[in-house]
Amino acid sequence: MTIQWFPGHMAKARREVTEKLKLIDIVFELVDARIPASSRNPMIDEIIQHKPRLILLNKADMADAAKTKQWLDYYASQGNKAIAINAHEGTGLTKITSASKELLKEKFDRMKAKGIKPRAIRAMIVGIPNVGKSTLINRLAKKNIAKTGNMPGVTKAQQWIKVGKELELLDTPGILWPKFEDQEVGLKLALTGAIKDTLLNLHDISLYAIRFLEKQYPDRLQKRYGINEIPEEIVELFDQIGTFRGCLTSGAMVDYDKTAELVVREVRSEKMGPLTFEVPQDIQAEE
Ligand SMILES: Nc1nc2c(ncn2[C@@H]2O[C@H](COP(=O)(O)OP(=O)(O)OP(=O)(O)O)[C@@H](O)[C@H]2O)c(=O)[nH]1
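These figures come from a predicted structure and were not determined experimentally. (Residues numbered from 1 in each chain as written. Predicted model: local features only at pLDDT ≥ 70, side-chain atom pairs only at ≥ 80, totals over all residues. Heavy atoms only, no water.)

S.K.: Residues and numbers for the side chain of E168, please.
M.R.: Looking at the element boundaries, E168 is found in strand 7 (residues 167-170). Classification of E168 as buried rests on a relative accessible area of 16%. At 3.2 Å, the side chain of E168 and the side chain of K162 are in polar contact. Those residues in contact with E168 that lie beyond four places of it in its chain are A120, I121, R122, A123, W160, I161 and K162. (Helix = DSSP H or I, 4+ residues; strand = E, 2+ residues; numbered from the N terminus. Buried < 20%, exposed > 50% of the residue type's maximum accessible area, 1.4 Å probe, protein only. Polar contact = N/O pair within 3.5 Å; in protein donor to acceptor, adjacent residues only side chain to side chain. Contact = heavy atoms within 4.5 Å.)

This is the structure in structure tokens:
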């Protein structure tokens, strides 16, 4: 599902997350490991304020492992705890509870010192559309969905999911909007499936993908499309790809629409191998 965001939707989404923050100890901020910066909500720090946060780099199976490591090191250097996960297969999920405990140690120690009975850590997942929130919730839930509607201050019944003995997760995630203002961010979001193709020109997306592969993973581009030497002219490159893969019109000319669609589909579908579209240096350069 991809939402069309308007100011009214954004305000409502923000309100819903803010409301639920009162119920939880920690936010699990889900981002796409292929675009950890571009898949964040631009106002996330302002929205969650000082609430402890665990960053989860999801879809790590589709990302370049060496670059995921760079991101994890970067977050650590910023004093943020982050974990790479694959919600689809369930990889990395066992670390979520231990990392949450570590982040909340002081708070829970203080509660203990005041004589408050130990309880499970309460968390909620937030993230932009399609980042894998429902997949993660379902993975963590297994069959342990418990209804606990009578918590103080809760008007609407909240469903809590028990994840082992030490963690409880709100069953509805906070859906926040992605960044829109930056053209490059938009292209990355489209390439990873976070926003609809129809919102951007398919040729622009494929051009971005090709330029990216040419720069970062030229060997994969060459191998996949039988290219000996990458030509300087992008049209020639499209011609070679289209010819190699049989994306032709009835008159045996290269069909650029089909070629663009093929490239975008293959970059998205892991046919090119795991890819990461941005590294921490990109955002550090902006800062
Ligand atoms: N390869 C891979 N795919 C994943 C992973 N997590 C989720 N997906 C896929 O990503 C797509 C979106 O996942 P959802 O769980 O529906 O995402 P969501 O954030 O709940 O989406 P919205 O309902 O739009 O907010 C689905 O096709 C999932 O199968 C992962 O770790 N690896």
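S.K.: Give a detailed account of the environment of L248, specifying residues and quantitative values.
M.R.: Relative to the assigned elements, L248 resides in the loop between helix 10 (234-245) and helix 11 (256-268). Separated by 10 residues in sequence, L248 and K258 have C-alpha atoms that sit 7.8 Å apart. The residues touching L248, leaving out its near neighbours within four places in the chain, are G242, T243, M253, V254, D255 and K258.

S.K.: Can you lay out the UniProt feature "binding site: GTP" (unreviewed entry) in the protein chain for me, pointing to particular residues and giving the numbers?
M.R.: When the UniProt feature table is mapped onto this chain, "binding site: GTP" (unreviewed entry) is found at N58, K59, A60, D61, N130, V131, G132, K133, S134, T135 and G174. Across 117 residues, the annotated set is spatially dispersed, with a maximum C-alpha separation of 23.5 Å. Tracing the backbone through its elements, the reader meets N58 in strand 2 (residues 53-58). The class of N58 is buried, set by a relative accessible area of 3%. The contacts of N58, once residues within four sequence positions are left out, are L30, V31, D32, A33, I85, N86, A87, V131 and G132. Mapping A60 onto the fold places it in the loop between strand 2 and helix 3 (65-77). Beyond its immediate chain neighbours, meaning those up to four positions away, A60 contacts A33, A84 and I85. (UniProt positions renumbered as here; feature names shortened; annotations may be inferred.)

S.K.: Outline the pattern of salt bridges, listing residues and values.
M.R.: For side chains bearing opposite charge, pairing can occur when the charged atoms are close. All chains considered together, the criterion is met by 19 salt bridges. Note that K101 is salt-bridged to E166, the shortest N-O span being 2.7 Å. Pair noted here: K101 is in helix 4 (residues 94-103) and E166 is in the loop between strand 6 (159-163) and strand 7, with a separation of 65 residues, a long-range link. Between D109 and K105 there is a salt bridge, with the nearest N and O atoms lying 2.7 Å from each other. Of this pair, D109 and K105 are both found in helix 5 (residues 105-113), 4 residues apart, which corresponds to roughly one turn of the helix. (Salt bridge = Lys/Arg side-chain N within 4 Å of Asp/Glu carboxyl O.)

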